[in-house]
Amino acid sequence: MKSSSHGKRPVPRHGGYRGAALGCLACLAFTVTAEPAADAGAPTRLLHPLDHAALAAFPGNVSPLARAAYDRGRADADQVVHGVSLHFKLSDAQQQDLDQLLRQQQDPASSSYHAWLTPAQYRSRFGMSQEDLTTVQNWLRTQGFSIEDIAPNANRISFSGSVAQIEAAFHTEMHRYRVAGASRIANASAPALPVALSAVTLGLRNLSEFRPRARALRLGEKARAATAHFTSSISGNHYLAPDDFATIYDLQSLYSTGITGAGQKIAVLGQSAVQSADLSAFRSAAGLGANLPTMVLVPHSGSATVQTTSGDEAESDIDLQWSGAIARDAAISFVYTGNSTNYGVFDALTYAVENDTAPIISLSYGDCEPDYGSADVATLESTLKQASAQGQTLVVASGDSGAADCDYSSDGEVVSSASHGLAVDYPASSAYATAVGGTTLSEGSGSYWSGSNDSYNGSALSYIPETAWNDSADGAGLEASGGGKSVLFAKPSWQSGSGVPADSARDLPDIALAASPNHDGYLYCSEGSCSNGFRDSGSYLTVAGGTSFGAPTFAGILALLSQKNGGGALGTINSRLYALAASSSGVFHDISSGDNKVPCSSGSTDCGSAGSIGYSAAAGYDLVTGLGSIDGFNLADQWVASSSSSSSSSSSSSSSSSSSSSGSSSSSSSGSSSSSSSSSSSGAASDGGSGGAFDPLLLAAFALLLPLHRRRNQPRE
């Protein structure tokens, strides 16, 4: 996120798939919250007490960021860590059942089509047996740990203990690492588990304090005395108010017919508390009525704390303000983590899925694929599959470093040349997520702005042509639409059509929306910056860009789409998007100019003679803008209309209207109710399912072979 000139320069924070903290050991007391009873029919797999003398190494559970170059020695033995989590595998029979269910939920000919599960139904069908949960809890207690939480799905136990207890129980060393200017603790070697426990465990999470990165890029702009359409008298740039976005992407026709998101619910995920005054100021400046989000602090994650220096507060401000501005009357739930350093935004994601908080989820965080351990990806993929089975839709920013996702600027270091090769962002690369890339509005010589604002402070007149977003040439580092080919996931069966590469890999992004902070950046309010409309007391605007805006705005569009089509859950929508691109007209704006190529260091990975790496936009699908940007009205209007022409196989596209609820309900004043939707894939490309195949061994190999490093775009003044 690029920072406004008057604001503080955020300190980057980075992490692989981390963010659940390790908890406080309170004497020998154990705190168990809402311990669910697993299905009585679930098979018992731990038939004997766990033997701590018979151990097995548990690979894939060391963060690639825990590198010798960053090592600052052993962590304090008495430091208490919260939220360490054992995530359990499904049995072979359960995994086959889930894979089949995910296929059937996307098959219009199946009786299970769009028959989303509630969390209780998921637990009953796919949870661990109560006997197994009790066996594991007893073993953890013998090691001195306090039980913090038993997941509602009966597939996770979280606990707390001291560094010394962790080292003794898991036969590893906990070290302190200096990464991206911050000190973090993490295990330095693979943990070991009792053999029987290892056989049923998917991953041991949250031993490290590495946290994922926010996506927003804040623009340093001394924009004073703007004209009515927010053209700066200093730079001449335009800035986007929510009403401008609604005009450009054809949402005004939906608003005029009463489609405003009423009755719909969106979960926005973050790792910082926010100040409600900023949210209220934004809605007032945008001409919107009061509709503040419901705040949901993830249990055991510490106290609610505003994280100003990391950029996390501003990221959350952006996501909350813009999702709520697009779906004006939707109920927004802000699921966030507190100040416990092991917790982060992926714990918020886990909570939102395990508790089915909302049918639409917006996530503006991630890291390049090689920065994850294989167990991290496996456990998160398990969470995303549960979201799919429950009918939840996950929208994720695709990244802001072009095709070089592992290269990014950090505090005090502007990276202007890629050296780590081609890479894409996770979880955007998951088949269970819709990845949103970036475009730049390209007015040319056309007249697209009015000389006066409407009552919502908007002045855009119509759709504005777009090109691929790439601001890397402006000297602020690598800034371009994230996109490319996954090294973790095979191509899902639904990802096909004109322009889709025959590369056998999950490609991203899926769609794109305006992202440039430099040309028509987005207005937002943070840290009291909006005391006079969108301006502060010094008449400065706070402006930002990046794919961070694509995730919440598209989540808002989906809430409008759901309301227009009966209010049902949408499910994992990628198959539907690609089917619409192939069969409908007017839904997508094809972006065929520009690229996400960034400069690369001579001789570095993937750097050829051209001195840059990346891809060019082209007709049809491309690895820069995906299927293109969207016409919101046409997307909502045609979503159901052509669903009957979708394939009736498990690899077919996903229709949007759902006939059943996920079981979540909203108590907001807007009367929103939460229903769910399903994922499109089983996770295996070879069986006709919709998902991409994930190979943990392949991930581990890439984690060792590919260059790794810290990452975060640093706001510039």
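This one's a predicted model, so the numbers in the text were calculated from it and none came from an experiment.

> Tell me about the overall build of the chain, and name the residues and values.
Each helix and strand in the chain was counted, giving 15 helices and 32 strands. Relative to its 717 residues, the chain shows a buried fraction of 64%. Expressed as a percentage of contacts within the chain between residues at least 6 apart in sequence, the contacts between residues at least 24 apart total 82%. Of the roughly 21200 Å² that the chain leaves accessible, carbon and sulfur atoms contribute 51%.

> Describe the state of the cysteines, listing the residues and the values that go with them.
Scanning the model with the defined rule gives 3 disulfides in all. Here C525 engages in a disulfide with C530; their sulfurs sit 2.1 Å apart. As the torsion about the S-S bond is roughly -95°, the C525-C530 disulfide counts as left-handed. The burial state of C525 is the same as that of C530; both residues are buried. Sequential numbering of the bridged cysteines in the chain gives the disulfide pattern 1-2, 3-4, 5-6.

> Lay out the sheet that holds strand β3 (residues 80-88) in plain terms, naming residues and giving numbers.
Pairing in this open sheet of 4 strands is antiparallel, and the strands run β4-β5-β3-β9 from one edge to the other. Because the sheet does not close on itself, it has two edges, and the strands there are β4 (146-150) and β9 (201-205). Taking each pair of neighbouring strands and ignoring which way they run, the sheet shows an average axis angle of 25°. Here β3 pairs with β9 via 4 bridges, running antiparallel. For S85, the partnering residue across the bridge sits in β9 and is R205.

> Now, about the pattern of salt bridges: what can you tell me, with residues and values included?
The full count for this structure, using the stated rule, is 12 salt bridges. In this structure, R156 and E354 form a salt bridge, with 2.6 Å as the shortest nitrogen-oxygen distance. Of this pair, R156 sits in strand β5 (residues 156-162) while E354 sits in helix α10 (residues 345-354); the two residues are 198 residues apart in sequence, bridging distant segments of the chain. Of the charged contacts, one joins R205 and D347 as a salt bridge, the two residues approaching to 3.4 Å between their closest N and O atoms. Here the residue R205 occupies a position in strand β9, and D347 occupies one in helix α10, the gap between them amounting to 142 residues.

> So, the packing of helix α1 (residues 92-104) against helix α2 (residues 119-126): which residues are in play, and what are the values?
At a minimum axis distance of 10 Å, the contact between α1 and α2 shows a crossing angle of 140°. In terms of orientation, α1 and α2 fall into the oblique class. Taken together, the residues of α2 that come into contact with α1 (itself represented by Q94, D97, L98 and L101) are Y122, R125 and F126.

> Can you break down the side chain of T625 residue by residue, with the values?
With respect to the helices and strands, T625 occurs in the loop between β29 (612-613) and β30 (629-630). What T625 contacts, discounting residues up to four positions off in sequence, is G438, T439, A468, P509, D510, I511, A512 and I591.

> Describe the packing of α10 against helix α11 (residues 374-390), listing the residues and the values that go with them.
Direction vectors running N to C along α10 and α11 enclose 30°, while the axes themselves pass 9 Å from each other. Along this stretch, α10 crosses α11, giving a crossing that reads as left-handed. Contacts between α10 and α11 involve F346, L349, T350, V353 and E354 from the first element and L380, T383, L384, Q386, A387 and Q390 from the second. Tallied by class, residues from the contact of α10 with α11 come to 6 nonpolar, 4 polar and 1 charged.

> I'd like a description of the packing of aromatic side chains, backed by residues and values.
Tallied over the full model, the rule gives 18 aromatic pairs. Look at W322 and Y522: their rings are 4.9 Å apart centre to centre, the planes differ by 90°, and that puts the pair in the edge-to-face class. Taken as a pair, W322 in helix α9 (residues 312-326) and Y522 in strand β25 (residues 521-523) lie far apart in primary sequence, 200 residues in all. Across the pair, Y522 and W322 agree in class, each one buried. Among the aromatic residues, those joined into a cluster by ring pairs are F245, Y249, F282, W322, Y522, F534 and F549. A cation over a ring is seen here: R328 above Y255, with NZ or CZ 3.8 Å from the ring centre.

> Just give me the short version of α9, but keep the residues and values in it.
End to end, α9 covers 21 Å across 15 residues, agreeing with the expected 21 Å (1.5 Å per residue, within 8%). Judged by how many residues are buried, α9 sits mostly within the fold: 15 of 15 residues are covered.

> Let's hear about the environment of D149: which residues, and what values?
Of note, D149 is situated in strand β4. Note: C-alpha distance between D149 and P299 (150 residues apart in sequence) is 8.7 Å. One polar contact links D149 to R156, side chain to side chain, over a distance of 2.8 Å.

> Requested: an account of empty space enclosed by the protein, with residues and values cited.
By the definition in use, this model includes 5 cavities of 30 Å³ or more. A volume near 90 Å³ is recorded for the largest cavity. Surrounding the largest cavity, 13 residues form its lining, H87, N153, N155, S382 and T383 being those nearest its centre. Put simply, the parts of the chain that give the lining of the largest cavity at least two residues each are β3, α10 and α11. Ranked by residues supplied to the lining of the largest cavity, first place goes to α11 with 4 residues. Along the lines of polarity and charge, the residues of the lining of the largest cavity split into 3 nonpolar, 8 polar and 2 charged. Forming the walls of the second largest cavity are L279, R283, N291, L292, P293, L320, Q321, G324 and I332. Those elements that provide at least two residues to the lining of the second largest cavity are α8 (276-285) and α9. With 3 residues, the single largest contributor to the lining of the second largest cavity is α9. When grouped by side-chain class, the residues that make up the lining of the second largest cavity number 5 nonpolar, 3 polar and 1 charged.

Cut-offs applied
Residue numbering note: each chain is counted from 1, following its sequence as written. Thresholds applied to this predicted model are a pLDDT of at least 70 for local features of residues and 80 or more for the giving and counting of side-chain atom pairs; totals over whole chains, interfaces and linings are not thresholded and use all residues. Remark: hydrogens and water are excluded; side-chain values derive from all non-hydrogen atoms of the structure. Only DSSP runs of H or I covering at least 4 residues are called helices, and only runs of E covering at least 2 are called strands; the numbering of each starts at the N terminus. Buried means the residue's accessible area, taken with a 1.4 Å probe over protein chains only, is under 20% of the maximum for its type, while exposed means over 50%, and partly exposed covers the values in between. Contacts were defined at the residue level, with two residues in contact if any of their heavy atoms lie within 4.5 Å. Each accessible area is a Shrake-Rupley result for a 1.4 Å probe, and residues are judged covered by the shown protein chains and nothing else. Counting rule for disulfides: a pair of cysteine sulfur atoms within 2.5 Å. Strands were regarded as paired on the criterion that DSSP finds at least two bridges between them. Here, axes are lines fitted to C-alpha atoms. For helices the fit covers the stretch in contact, and angles between N-to-C directions go from 0 to 180 degrees. Only one rule defines a salt bridge in this text: a Lys or Arg side-chain nitrogen within 4 Å of an Asp or Glu carboxyl oxygen. If an angle is under 35 degrees, it is roughly parallel; if it is over 145, roughly antiparallel; if it lies from 65 to 115, roughly perpendicular; otherwise it is oblique. Here a crossing is taken to be left-handed if its near helix is turned anticlockwise relative to the far helix by less than a right angle, and right-handed if that turn runs clockwise. We call Asp, Glu, Lys and Arg charged. Ala, Val, Leu, Ile, Met, Phe, Trp, Tyr, Cys and Pro are nonpolar, and the rest, Gly among them, are polar. Side-chain rings of Phe, Tyr and Trp, where Trp is taken by its six-membered ring, are said to pair if the distance between their centres is within 6.5 Å; with planes under 30 degrees apart they count as stacked, over 60 as edge-to-face, and otherwise as tilted. Cation placement over rings: the criterion is NZ of Lys or CZ of Arg within 6 Å of the ring centroid and within 35° of the ring normal. Multiply 1.5 Å by the residue count of a helix minus one, and that product is the helix's expected span. A 3.5 Å cut-off defines polar contacts: any pair of N or O atoms within that distance qualifies, except that in protein one atom must be a possible hydrogen donor and the other a possible acceptor, and neighbouring residues in sequence count only when both atoms are side-chain atoms. Method remark: on a 1 Å grid restricted to protein atoms, a set of points is classed as a cavity if a 1.4 Å probe fits but cannot get out and as a pocket if it is open with protein on both sides within 12 Å along at least five of seven lines; lining residues have an atom within 4 Å of a point. Grid points are joined across faces, edges and corners, and a volume is the space filled by probe spheres set on the points.

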